[in-house]
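Observations on the model geometry
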Amino acid sequence: MGLILGIESTCDETAAAVVEDGVSVLSSVVATQYELHAEFRGVVPEIASRAHLQRMLPVVREAMRRADVRPSRLDAVAVAQRPGLIGSLLIGLTAAKALSWAWGKPLLAVDHVQAHLHACTLDRDPSDGRVEVAFPAAGAVLSGGHTALYAVHDWARLYRVGGTIDDAVGEAYDKVAAMLGLGFPGGPEVARLAERGDPAAVPLPRPLLDRDSLELSFAGLKTAVLYRALGPKGSARTHADIPDAEKADLAASFQAACLDVLTEKLRRLLNRLGSRTLLVGGGVVANRALRQRLAGLPAEVHLPRPAYCTDNAAMIAGLGHVLWQRGLVAGLDVDALPQGMAEAVAPP
Ligand code: KG4
Ligand code: ZN
C-alpha cells in the first residue's frame, strides 16, 4: 500500500494528484497556463513561476478534496525536483517541503522524465493487470521539452542513448501550428487537422534516416514546412492566405514525416539494445496516429493513457511510490535541478 500526494510544476502546468499503491489515481488536478503564454507562442519562465505561485496551494487542496483524503492518511509527499525551469521547479519543491514538514510526512524527490515513462503503469484497465516490465527496456520521452531515447535499467535509472540534436518533436508541432494559424499548444490542433489531409500531398524530408544513428532532428523539417506554408523568406504570404485543404495536407504531411522518423528510430533503439520491451511517454504520445504506429513495433509496447501523457502529478506520485518503497527519502535541504539526471550519458 501507500498513499502519496504528488506535486508537479516543472514547466507550465501546476498539478497535484493523490495516488494509491503507485497505480490507482484517486485524483489528478492539472491547471494549465495556455492562456497566459498563448500570445508568446511559447512558455515565458517568469510568467510561469508567478502563475505556479498563485495556483499551487488551491490545486493541492483540490486534489486532496477530490481524493477525499486527510493529510494524516498520506504516507509521503512526492515532488518533481528535476529537470525543468528553475523558477517553476522551486515553487513546487518549496510547497512540497513545507507540506512534508508541516504534516510530518517523508519527502520524495522525483525525476520528471523518469516519471513520464513510469506513467504507463497508471490507472490501467483491471483486465490488463499490472504492468510487468522486463528490464533493461528501451524507452523514449517525446514531449515539448524532451525528445530522448533511453536504455531503461530500472524505473529510476535511465541512460540517454540518443535523441534530438535540435528541437523537441512537440516543439516542432507547436511551431507548425503557429505557421498554420492554429492555437497553442499546437500538437493536438495539428493532429486534428492532419486527419483531414493527405499525408503524401507534400514531400517533406525525413531527417537523419539515412544515418545509422539514434539521433533525431526536427529543425530542418520545421523549416521545410515553413517554406511550403508561407513561401521563401520575405514572402508576403500569411497563414490567412493558405486554403484550408492545403493546410490539412501540410499538417498531414508534417505528421507523417514525424511518425516515420520516430518509429524508425525506435525500431533501431530496440535493435541496438536487444530489447523486446518499449516504454514511451510524454505529451506527444497523446497523439492517436503515433500510438497506432508504436503499437506496430516488434516489442511489448507500454504507453500511458492519454491523460497521463501530458504533464501531470499522478505520474510524479506514481514514481514517488517506487522511491518510497525503497526508502529513498529526500532531505528538506534537497535542491531543484534544472538539468536533471536522466540526461546523463552513460554506456547502456
Ligand atoms: O509532456 P508535455 O505536457 O510537456 C513537456 O514536458 O514538454 O508535452 C507537451 C507537448 C506540446 O508540445 C504539445 O503540443 C504536445 O506535447 N502534444 C501533442 C499532442 N498532445 C500534446 N503533440 C502531437 N499530438 C498530440 N495529440
Ligand atoms: Zn513533461
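Residues numbered from 1 in each chain as written. Chains lettered and ligands numbered in written order. Predicted model: local features only at pLDDT ≥ 70, side-chain atom pairs only at ≥ 80, totals over all residues. Heavy atoms only, no water.

Moving on to the environment of Leu273. Tracing the chain through its elements places Leu273 in helix H8 (residues 244-273). Sequence separation of Leu273 and Tyr150 is 123 residues, and the distance between their C-alpha atoms is 9.5 Å. (Helix = DSSP H or I, 4+ residues; strand = E, 2+ residues; numbered from the N terminus.)

Below, the discussion takes up the packing of aromatic side chains. To describe a pair of aromatic rings, you give the distance between the ring centres and the angle between the ring planes. The full count for this structure, using the stated rule, is two aromatic pairs. Ring geometry for Phe135 against Trp155: centres 5.3 Å apart, planes inclined by 85°, an arrangement best described as edge-to-face. Note that Phe135 is positioned in the loop between helix H4 (112-118) and strand E6 (137-142) and Trp155 in the loop between strand E7 (147-154) and strand E8 (157-164), a separation of 20 residues in sequence. Classification of Phe135 by relative accessible area gives partly exposed; the value is 30%. Judged by centre distance (5.0 Å) and plane angle (75°), the rings of Tyr173 and Phe254 are edge-to-face. Here Phe254 lies in helix H8 and Tyr173 lies in helix H5 (residues 169-179), a separation of 81 residues in the sequence. Owing to a relative accessible area of 3%, Tyr173 belongs among the buried residues under this scheme. (Phe/Tyr/Trp six-rings, centres within 6.5 Å; stacked < 30°, edge-to-face > 60°. Buried < 20%, exposed > 50% of the residue type's maximum accessible area, 1.4 Å probe, protein only.)

Glancing now at the coordination of the zinc ion (ligand 2). Coordination of the zinc ion (ligand 2) by the protein involves His112 (NE2), His116 (NE2) and Asp311 (OD), with metal-donor separations of 2.0 to 2.1 Å. Metal-centred angles of 94 to 135° between the four donor atoms at the zinc ion (ligand 2) mark the site as irregular. Motif for the zinc ion (ligand 2), donor spacing along one chain: H-x3-H-x194-D. With a gap of 195 residues between them, His116 in helix H4 and Asp311 in the loop between strand E11 (300-302) and helix H10 (314-325) connect regions that are remote in the sequence. Of the two residues examined, His116 and Asp311, each falls in the buried class. (Donors = N, O, S within 2.8 Å, 3.2 Å for Na, K, Ca; no water. Tetrahedral: all angles 85-135°; square planar, octahedral: opposite > 155°, others 65-115°.)

This part takes up the layout of surface pockets. Counted as a void, the largest pocket has a volume near 1,100 Å³. Lining the largest pocket are 35 residues, with Asp12, Ser143, Gly144, Gly145 and Asp174 sitting closest to its centre. Broken down by secondary-structure element, the contributors of at least two residues to the lining of the largest pocket are H4, H5 and helix H6 (187-194). Per-class residue counts for the lining of the largest pocket are 14 nonpolar, 14 polar and seven charged. (1 Å grid on protein atoms, 1.4 Å probe; cavity = no way out; pocket = protein on both sides within 12 Å on 5 of 7 lines; lining within 4 Å. Points joined across faces, edges and corners; volume = space filled by probe spheres on them. Nonpolar A, V, L, I, M, F, W, Y, C, P; charged D, E, K, R; others polar.)

All of the buried residues along H6 are Gly187, Val190, Ala191, Leu193 and Ala194. Along the axis of H6, the buried residues cluster in a sector spanning 165°; they form a single face. Packed against the buried residues of H6 are H5 and H8. (Arc of directions from axis to C-beta. Contact = heavy atoms within 4.5 Å.)

Attention now goes to the sheet that holds strand E10 (residues 277-281). Taken in spatial order, the six strands of this open sheet run E9-E8-E7-E6-E10-E11, and their pairing is mixed. Only two strands of the sheet have a single neighbouring strand rather than two, namely strand E9 (215-216) and E11. Judged from the two bridges that link them, E8 and E9 form a sheet pairing that is parallel. When the bridges of E9 are listed, Thr164 appears paired with Leu216. Contacts from H8 reach E6, E7, E8, E9 and E10, with the element oriented near 155° to E6. (Pairing = 2+ DSSP bridges. Axes fitted to C-alpha atoms, helices over the stretch in contact; angles between N-to-C directions.)

This part covers the sheet that holds strand E5 (residues 107-111). Backbone hydrogen bonds are what pair the strands of a sheet, in a parallel or an antiparallel way. Taken in spatial order, the five strands of this open sheet run E3-E2-E1-E4-E5, and their pairing is mixed. Of all strands in the sheet, those bounded by a partner on one side alone are strand E3 (24-32) and E5. When the angles between neighbouring strand axes are averaged without regard to direction, this sheet yields 20°. Pairing of strand E2 (residues 13-20) with E3 involves eight bridges; the strand directions are antiparallel. Looking at the pairing, Glu20 lines up with Ser24 of E3. Of the strands in this sheet, strand E1 (3-8), E2 and E3 are in contact with helix H2 (residues 45-67), which crosses E2 at around 25°.

The subject of this paragraph is the environment of Trp103. Looking at where Trp103 falls in the secondary structure, it is placed in helix H3 (residues 86-103). Considering only alpha carbons, one finds Trp103 and Val77, 26 residues apart in sequence, at a separation of 9.4 Å.

By nearness alone, 20 residues border ligand 1, and Gly144, Gly145, Asp174, Gly283 and Asp311 come closest of all. Side-chain polar atom of Asn287 to a nitrogen atom of ligand 1: 3.0 Å apart, as the coordinates give it. Interatomic distance of 2.9 Å between a backbone N/O atom of Asp311 and an oxygen atom of ligand 1. Relative to its unbound accessible area of 560 Å², ligand 1 is 89% covered by the protein chains. (Near = heavy atom within 4 Å. Polar contact = N/O pair within 3.5 Å; in protein donor to acceptor, adjacent residues only side chain to side chain. Areas by Shrake-Rupley, 256 points an atom, 1.4 Å probe, with all protein chains shown as cover.)

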